[in-house]
Amino acid sequence: MAYGFSRQTYLAAGVLTVGLSLLTGLRAEGSGATPDFPRSQVSDRGLYAVTVRPEVIPPPVGTLHRWTVTVTDAAGRPADGLTITVSGGMPAHRHGLPTQPVMTGSTGNGEYRLDGLKFNMPGKWVVRLSLDGAGGADTVIVPFGL
Amino acid sequence: MGSPFLPGRRSRRIAGGGISLIAGLAAALTVLMVEIPGAASPRHAADWTGQDLLLLRSLSLSALPPPPPDRSNRVADDPEAVRLGQALFSDPRLSIDGSVACASCHRPERQFQDDRPTARGVGETTRRTMPLAGVAYAPFLFWDGRKDSLWSQALGPLENPAEHGGDRTFYARVIAASYRAPYERLFGPLPDLSGLPQRAGPVADPAVAAAWAALSPVEQDAVTTVFVNIGKAIAAYERTLMPVETRFDRAVTRLLAGQDAGLTADEGAGLRLFIGKAGCVDCHNGPLLTDQHFHNTGVPPALKTGGPSALKAGVDSDAAGRLGGAHLVRSDPFNCVSLYSDASGSDCGELRYLALDQPDQAGAFKTPSLRGVAGRPPYMRAGQIATLKDALAHYATAPAAAYGQTELRALPLTARETEQIAAFLKTLGP
């Protein structure tokens, strides 16, 4: 075998090909999708655009934490003076949120503090924000996975 | 025309190489098929994905942080309080007839529980004694979570007529008689009890309750303060009760180091079911294998019910579960925002953000830790389920709940899979 590839080389190439293809496949499964947060969404009736930002990303399991919510109206201006109530849960598990998060303040400029969020298990969660103010009442549903 | 090989030396070499390539692919595929999770017993590091290993690590003791501070208890981490608390924990003089200590039901040599379906103090109760390892991490105590600190929990059984059967004035006298010096070093001078009745407290016994009502607010506060401090010392001791390393923890350490887990084939398969198809990890997660929350799993009420003495305010009912417990903790005179708490307003997040009147709280009870579970049957809030296999059968069947709605869905587990999960659960002991 003075020139060209030896049998051993072909053997090694075969093993390497299969190995690499399976390895990249596993890694793709393990890496997960793009991060869920921060998340921007338009409310159901189109009245508001909402950006939610948990204070820890990804949200921790089992710990009380804060979400900051920034709201603009349909014209893109900061929406101040809103009341935001929080609900949600895990639809697949038929239970709601383990705590009652509360809007604890706003810093103006359409920014609001929601405290007391907690997610007690990994899986598919939904947080529902009900916004009410001069611009009208609307809802944003934020689904995400932990 | 029929020859599969091309003529010529170079062609023969390429063909020979092609056969080697095919052989290599076949060999690689064979090896990888054998090693793919599910096809073989998952004892080896290569059998678990990176995500699996992260999850396993999150269930192991190595992921347990130091206990969170208890800001409502200013002596929570004081070694002197721990010593006093340990003495009080095992002292049967803290009971009306001198026969019941905390340790009578929370038996230290039995994982701090009593192996009984329901606990027996001076009378019969309706609830299973809960083990105490890692109890410092629990934001709420009791099956319905009606207490939000270890110290306030300790006060419940002390004045419960079925458990210790005493009252706070009685206990203040025990401290004055037997623990004055260590008490006063921690908490300052005891009040003068000489003008007070032997027994007085807001308890079930009408005479004792009447004696309490007859005391002035100043006297009541003085006695209650001693009572609270008893709880705070006991709590300091209980905060030191930690889970021990188990075979599962050692297996995770080995897996993370790329070694063989050291589990049997059944144990490994059971672990895979636990974090996968059986969904146990949904609630039994974190290093204590509990989400510290409340779920309705449709466990039926026990046939035997406690006597009238057990059905007093402050003892949870099968119907209410967390629904009642949440209201009880919010109105508890010893909760995080109460006058007897050392916490400031910003500390009491669990109480401030307490969920109330949620439909999923009806018939919901606390997720117990699974550490040591195989060593302490029977199971559930009144010991209704005798063995681990029975518990798994309950989860497989997912019967409708007597109160509220069960979160369980029927699981198609084979008998073999049930055995495997039980085998894994046994690795949660030392």
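In this report, the structure presented in the accompanying data block is examined. Worth saying up front: this structure is predicted, and the values here are computed from it rather than measured.

Thoughts on the pairing of strand β7 (residues 111-117) of chain A
Residue and element names in this part refer to chain A. Most of β7 sits inside the fold, with five of its seven residues counted as buried. Bridge analysis of strand β6 (residues 102-108) against β7 gives five bridges, and the strand direction is antiparallel. Considered in β7, the bridge of Ser106 is made with Tyr112.

So, the environment of Glu407 of chain B
In this structure, Glu407 of chain B sits in the loop between α14 (388-397) and α15 (415-426). Glu407 of chain B sits in the buried class, given a relative accessible area of 12%. Considered as a pair, Glu407 of chain B and Leu428 of chain B are 21 residues apart in the sequence and their alpha carbons are 25 Å apart. Here Glu407 of chain B is in contact with His93, Arg94 and His95 of chain A together with Phe294, His295 and Asn296 of chain B, once residues within four sequence places are set aside. Engagement of the side chain of Glu407 of chain B in a polar contact is seen with the side chain of His295 of chain B, the distance being 2.9 Å.

Side note on the sheet that holds β7 of chain A
All names here are of chain A. Read across the sheet, five strands follow the order β1-β2-β3-β7-β6 without closing on themselves; strand pairing throughout is antiparallel. Single-partner strands in this sheet number two, and they are β1 (39-42) and β6. The average undirected angle you get between the axes of adjacent strands in this sheet is 25 degrees. Looking at chain direction, β1 and strand β2 (residues 48-54) are connected through four bridges and run antiparallel. Following the sheet pairing, Gln41 is matched in β2 by Val50.

With respect to the packing of aromatic side chains
Residue and element names in this part refer to chain B. All told, the structure shown has 17 aromatic pairs over all chains when counted by the stated rule. Pairing Phe170 with Tyr171 gives two aromatic rings, centres 5.5 Å apart and planes at 80 degrees, and the pair type is edge-to-face. On the accessibility criterion, Phe170 (18% relative accessible area) is buried. What links up through ring pairs into an aromatic cluster is the set Trp151, Phe170, Tyr171, Phe227, Phe334 and Tyr340. Its guanidinium or amino end placed over the ring of Phe294, Arg322 lies 4.1 Å from that ring's centre, counting from NZ or CZ.

Comments concerning the state of the cysteines
All names here are of chain B. Inspection of every chain in the model, using the stated rule, returns one disulfide over all chains. Each sulfur in the disulfide pair Cys336 and Cys348 lies 1.9 Å from the other. Disulfide Cys336-Cys348: the torsion about the S-S bond is -75 degrees, which places it as left-handed. With Cys336 in the loop between α12 (322-331) and α13 (349-352) and Cys348 in the loop between α12 and α13, this residue pair connects regions lying twelve residues apart in the sequence. For the pair Cys336 and Cys348, one class covers both residues: buried. In this model Cys102 remains outside any disulfide bridge; the closest cysteine sulfur is found in Cys105, 9.1 Å from its own. Of all cysteine sulfurs, the one in Cys280 lies closest to Cys283, which takes part in no disulfide; the gap is 9.4 Å.

Conventions adopted
Residues numbered from 1 in each chain as written. Chains lettered and ligands numbered in written order. Predicted model: local features only at pLDDT ≥ 70, side-chain atom pairs only at ≥ 80, totals over all residues. Heavy atoms only, no water. Buried < 20%, exposed > 50% of the residue type's maximum accessible area, 1.4 Å probe, protein only. Helix = DSSP H or I, 4+ residues; strand = E, 2+ residues; numbered from the N terminus. Pairing = 2+ DSSP bridges. Contact = heavy atoms within 4.5 Å. Polar contact = N/O pair within 3.5 Å; in protein donor to acceptor, adjacent residues only side chain to side chain. Axes fitted to C-alpha atoms, helices over the stretch in contact; angles between N-to-C directions. Phe/Tyr/Trp six-rings, centres within 6.5 Å; stacked < 30°, edge-to-face > 60°. Lys NZ or Arg CZ within 6 Å of the ring centre and 35° of its normal. Disulfide = S-S within 2.5 Å.

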